[in-house]
Amino acid sequence: FEISQVLGVAAAAVNMSVPSSLMKQPPIQSTAGAVPVRNEKGEISMEKVKVKRYVSGKRPDYAPMESSDEEDEEFQFIKKAKEQEAEPEEQEEDSSSDPRLRRLQNRISEDVEERLARHRKIVEPEVVGESDSEVEGDAWRMEREDSSEEEEEEIDDEEIERRRGMMRQRAQERKNEELEVMEVEDEGRSGEESESESEYEEYTDSEDEMEPRLKPVFIRKKDRVTVQEREAEALKQKELEQEAKRMAEERRKYTLKIVEEETKKELEENKRSLAALDALNTDDENDEEEYEAWKVRELKRIKRDREDREALEKEKAEIERMRNLTEEERRAELRANGKVITNKAVKGKYKFLQKYYHRGAFFMDEDEEVYKRDFSAPTLEDHFNKTILPKVMQVKNFGRSGRTKYTHLVDQDTTSFDSAWGQESAQNTKFFKQKAAGVRDVFERPSAKKRKTT
Amino acid sequence: MANRTVKDAHSIHGTNPQYLVEKIIRTRIYESKYWKEECFGLTAELVVDKAMELRFVGGVYGGNIKPTPFLCLTLKMLQIQPEKDIIVEFIKNEDFKYVRMLGALYMRLTGTAIDCYKYLEPLYNDYRKIKSQNRNGEFELMHVDEFIDELLHSERVCDIILPRLQKRYVLEEAEQLEPRVSALEEDMDDVESSEEEEEEDEKLERVPSPDHRRRSYRDLDKPRRSPTLRYRRSRSRSPRRLRP
């Protein structure tokens with residue numbers, strides 16, 4: 001009951017139905033496990049899937065009721081354990097049921113020579129106690145069957161005896177055959193083997209009671225399969241090694257060739273460059289020409305030096321002159337000549353929250369068109385108007401980690417324009433003109449002597 | 001061990017003298033065949049012998065930055081740091097122009113500004129032709145005085161960054177140097193003075209005589225005397241020059 005309860009709970013959890021015979025449950029409202037089911041009338045309706053659990057040891061529903069193998073097996077498993085010791089020696093008949101036994105019984109004992117003629121070569125190991133083992137095996141099998149059929153059939157003891165006799169006969173025949181076969185084989189072999197054989201025989205004789213074993217037949221060393229295999233392996237290994245050596249040699253030769261080629265190339269290059277070197281002639285003996293050429297060069301150098309010097313002096317003079325002018329004259333100068341700025345770029349207007357790109361401070365000495373472009377043109381996100389955005393989004397780098405609310409300096413100004421000193425009153429202007437610092441053109445140092453007492 | 005600077009070397013411009021050559025080029029020199037074969041265990045004397053065998057100047061060339069023997073020997077000299085006298089001898093010798101240029105380069109790298117001007121400016125008068133190898137491995141013709149000019153005015157010679165050299169006028173103002181008087185100027189002066197004095201006779205006399213003197217010197221590739229220098233020596237008026 002508990003188990004069924006657990007099952008019921010599990011079923012409820014998994015939404016499966018449980019055979020209602022076990023437990024009454026309220027119907028689960030769900031169409032999850034619905035399958036189409038045909039009822040008696042032939043109509044198809046969707047019903048819940050009825051899942052039956054598999055329990056090991058119990059026959060599942062889908063398994064057929066009657067299966068002879070299964071039952072026998074089961075039975076045998078149980079029965080053999082009980083009756084194994086009870087009836088070991090029971091040799092039962094009913095050989096007809098076993099085709100192997102039938103075959104054996106029906107076998108005609110034939111001539112050895114005929115048999116030999118049939119087979120090309122008989123080099124397989126012969127079973128010693130073949131008949132015995134077979135008999136025992138049969139007995140085993142028979143015993144099992146009989147144990148199963150014990151209840152069904154009555155077995156005659158006479159039958160048993162008869163069968164036993166036949167078995168023994170057959171065993172004898174087979175032994176004779178073997179002996180003959182062995183003799184035949186011996187003819188082709190040396191004497192040593194017979195010795196070993198005899199030894200083997202003795203060995204086997206002493207251990208006859210054990211399980212049937214194959215009689216070892218001596219095979220010449222050159223015929224032995226295992227030895228052959230090993231030798232083949234060894235050969236293969238040697239071949240592989242040779243191959244490897246050959247490959248290594250080839251590779252070595254190849255690399256040597258490459259090295260040769262490379263050295264040749266290098267030599268060629270060296271030769272070429274030396275030839276080029278020699279082609280140039282520095283032994284021009286024409287002194288006149290050389291002197292003239294040198295003269296020209298020297299003159300150029302002198303000129304250059306002189307010009308440099310002059311330029312320097314001019315600059316110094318210029319600086320001196322500027323220093324000697326008074327302030328007004330300087331201003332007049334500047335207005336007249338003006339400062340020459342190379343690569344003067346147009347200063348454009350920046351939109352709201354536009355990103356500032358610096359032009360770069362280096363390489364501004366050379367005049368170039370590229371430097372004179374307008375660097376304040378809007379790019380990427382600057383194209384569209386950010387003033388219509390909500391205040392939250394009016395930041396630079398919106399959404400990214402490095403966002404800033406800072407817009408421009410004036411925005412950061414916290415001056416209160418309502419303060420008393422900021423108003424335009426007579427008192428304020430008077431103060432500004434007379435006493436305020438840094439407003440007038442005063443250039444004397446404040447001296448310690450004059451101490452105004454205000 | 002083979003690539004370390006000699007133990008008791010002075011530091012040049014504040015660093016190990018070998019570091020005057022850039023790291024990459026230095027490594028390439030260490031790995032080059034010439035360095036490994038020829039420059040192993042050289043002393044000052046042996047460097048002279050190797051320098052006499054030079055056939056061209058150059059820095060590095062080729063796609064894989066191969067150094068020239070000239071550059072290798074320069075690095076070797078930086079490594080062994082020979083005495084100043086030896087370098088001055090290198091510069092003063094007239095027979096081997098590549099030895100001269102090697103000495104000049106070394107002087108420019110290691111010497112003070114005054115030394116540089118003092119020893120290199122006389123070489124302005126050497127107008128012999130030299131072969132130089134450019135970056136592509138091709139050879140070009142050049143002159144010794146052009147090479148000296150490069151040494152004194154440009155920033156990079158033979159793929160070595162030259163240390164900073166004070167401007168000449170700075171030294172002149174500090175009165176450590178005299179303003180430069182070129183040989184040509186003297187020539188011109190002489191020519192002019194001669195004109196003033198003796199019209200054309202002397203001029204005719206003067207003009208061929210320098211040529212005549214120069215012609216007597218032959219330029220074989222190895223032992224070649226610099227004629228102008230000789231000439232210069234004989235004509236120099238300043239007591240201070242060339243009488244160190």
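In the annotation of an unreviewed UniProt entry, the entry for chain B reads Pre-mRNA-splicing factor 38A, and the organism field reads Balaenoptera physalus. Among the UniProt annotations of chain B, the heading Subunit (unreviewed entry) holds the following wording: "Component of the spliceosome B complex. Interacts (via N-terminal interaction domain) with ZMAT2 and MFAP1."

The name an unreviewed UniProt entry assigns to chain A is Micro-fibrillar-associated protein 1 C-terminal domain-containing protein, from the organism Balaenoptera physalus. UniProt, in the comment section headed Subunit (unreviewed entry), describes chain A in these words: "Component of the spliceosome B complex. Interacts with PRPF38A (via N-terminal interaction domain)." As stated in UniProt under Sequence similarities (unreviewed entry), the record for chain A gives "Belongs to the MFAP1 family."

1. What to know about the overall build of chain B
When helices and strands are tallied, chain B shows 13 helices and seven strands. The burial tally for chain B puts 51% of its 244 residues in the buried class. Within chain B, counting contacts between residues at least 6 apart in sequence, those at least 24 apart form 65% of the total. Within the structure as shown, chain B displays about 12600 Å² of accessible surface, and the carbon and sulfur contribution to it stands at 50%.

2. Remarks on the pairing of strand 2 (residues 44-48) of chain A
All names here are of chain A. By the bridge criterion, five bridges tie strand 1 (residues 34-38) to strand 2 in an arrangement that is antiparallel. Across the sheet, residue Pro36 finds its bridge partner in strand 2, namely Met46. From the end of strand 1 to the start of strand 2, which pair antiparallel, there are five residues, and Gly42 there has a positive phi angle of about 95°.

3. Points about helix 6 (residues 97-110) of chain B
Taking 1.5 Å of rise per residue, the 14 residues of helix 6 of chain B would be expected to cover 20 Å, and the 20 Å separating its terminal C-alpha atoms lies within 8% of that figure. The buried fraction of helix 6 of chain B is high, at 14 of 14 residues.

4. Some words on the sheet that holds strand 1 (residues 57-58) of chain B
Residues and elements named next belong to chain B. In space, the three strands of this open sheet follow the order 1-4-5, with mixed pairing throughout. At either end of the open sheet lies a strand with only one pairing partner, and these are strand 1 and strand 5 (139-143). Contacts from helix 6 reach strand 1 and strand 4 (129-133) within the one sheet, and its direction differs from that of strand 4 by about 65°.

5. Considerations on the pattern of salt bridges
One pass over the structure, following the stated rule, counts 29 salt bridges over all chains. Two residues, B:Asp149 and A:Arg304, come together in a salt bridge whose shortest N-O distance is 2.8 Å. A residue pair is termed interchain when its members come from two chains, as with B:Asp149 in helix 8 (residues 144-153) and A:Arg304 in helix 9 (residues 287-324). Close ionic contact of B:Glu173 with A:Lys316 constitutes a salt bridge, the shortest N to O distance being 3.1 Å.

6. Brief notes about the nonpolar core
With 56 residues, the main nonpolar core has B:Phe70, B:Phe147, B:Ile148 and B:Leu151 as its most contacted residues. Sorting the residues of this core by element identifies helix 1 (23-30), helix 2 (33-38), helix 3 (44-52), helix 4 (69-80), helix 5 (84-92), helix 6, helix 7 (113-120) and helix 8 of chain B as the ones contributing at least two each. Ranked by the residues each element gives to this core, the list is headed by helix 6 of chain B, at nine residues. In contact with B:Leu151, other than residues within four places in its own chain, are B:Ala104, B:Leu105, B:Arg108, B:Leu120, B:Val157 and B:Leu162. Formed by six residues, the second largest nonpolar core is a distinct cluster that contains A:Trp294, A:Ile302, B:Ala183 and B:Leu184.

7. Here we look at helix 1 of chain B
Residue and element names in this part refer to chain B. Taken residue by residue, helix 1 has Ile25, Arg26, Ile29 and Tyr30 as its buried positions. Here the buried residues of helix 1 occupy an arc of 140° about the axis, which is enough to place them on one side. Exposed side chains of helix 1 directed beyond 90 degrees from the buried face belong to Lys23 and Ile24. Buried-residue contacts for helix 1 involve helix 2, strand 2 (60-61), strand 3 (66-67) and helix 4.

8. Observations concerning the packing of helix 9 of chain A against helix 8 of chain B
Between helix 9 of chain A and helix 8 of chain B, the shortest axis-to-axis distance is 11 Å and the interhelical angle comes to 20°. Taken together, helix 9 of chain A and helix 8 of chain B sit at an angle that is classed as roughly parallel. Judged by the twist between their axes, the crossing of helix 9 of chain A over helix 8 of chain B is left-handed. Across the interface between the two elements, A:Trp294, A:Arg297, A:Arg301, A:Arg304 and A:Asp305 of helix 9 of chain A pack against B:Asp145, B:Glu146, B:Asp149 and B:His153 of helix 8 of chain B. For the contact of helix 9 of chain A with helix 8 of chain B, the class distribution of residues is one nonpolar, one polar and seven charged.

The rules we used
Residues numbered from 1 in each chain as written. Chains lettered and ligands numbered in written order. Predicted model: local features only at pLDDT ≥ 70, side-chain atom pairs only at ≥ 80, totals over all residues. Heavy atoms only, no water. UniProt positions renumbered as here; feature names shortened; annotations may be inferred. Helix = DSSP H or I, 4+ residues; strand = E, 2+ residues; numbered from the N terminus. Buried < 20%, exposed > 50% of the residue type's maximum accessible area, 1.4 Å probe, protein only. Contact = heavy atoms within 4.5 Å. Areas by Shrake-Rupley, 256 points an atom, 1.4 Å probe, with all protein chains shown as cover. Pairing = 2+ DSSP bridges. Expected span 1.5 Å × (residues − 1). Axes fitted to C-alpha atoms, helices over the stretch in contact; angles between N-to-C directions. Salt bridge = Lys/Arg side-chain N within 4 Å of Asp/Glu carboxyl O. Core = buried A, V, L, I, M, F, W, Y, C linked by side-chain atoms within 4.5 Å. Arc of directions from axis to C-beta. Parallel < 35°, antiparallel > 145°, perpendicular 65-115°, else oblique. Left-handed = near helix turned anticlockwise from the far one by under 90°. Nonpolar A, V, L, I, M, F, W, Y, C, P; charged D, E, K, R; others polar.

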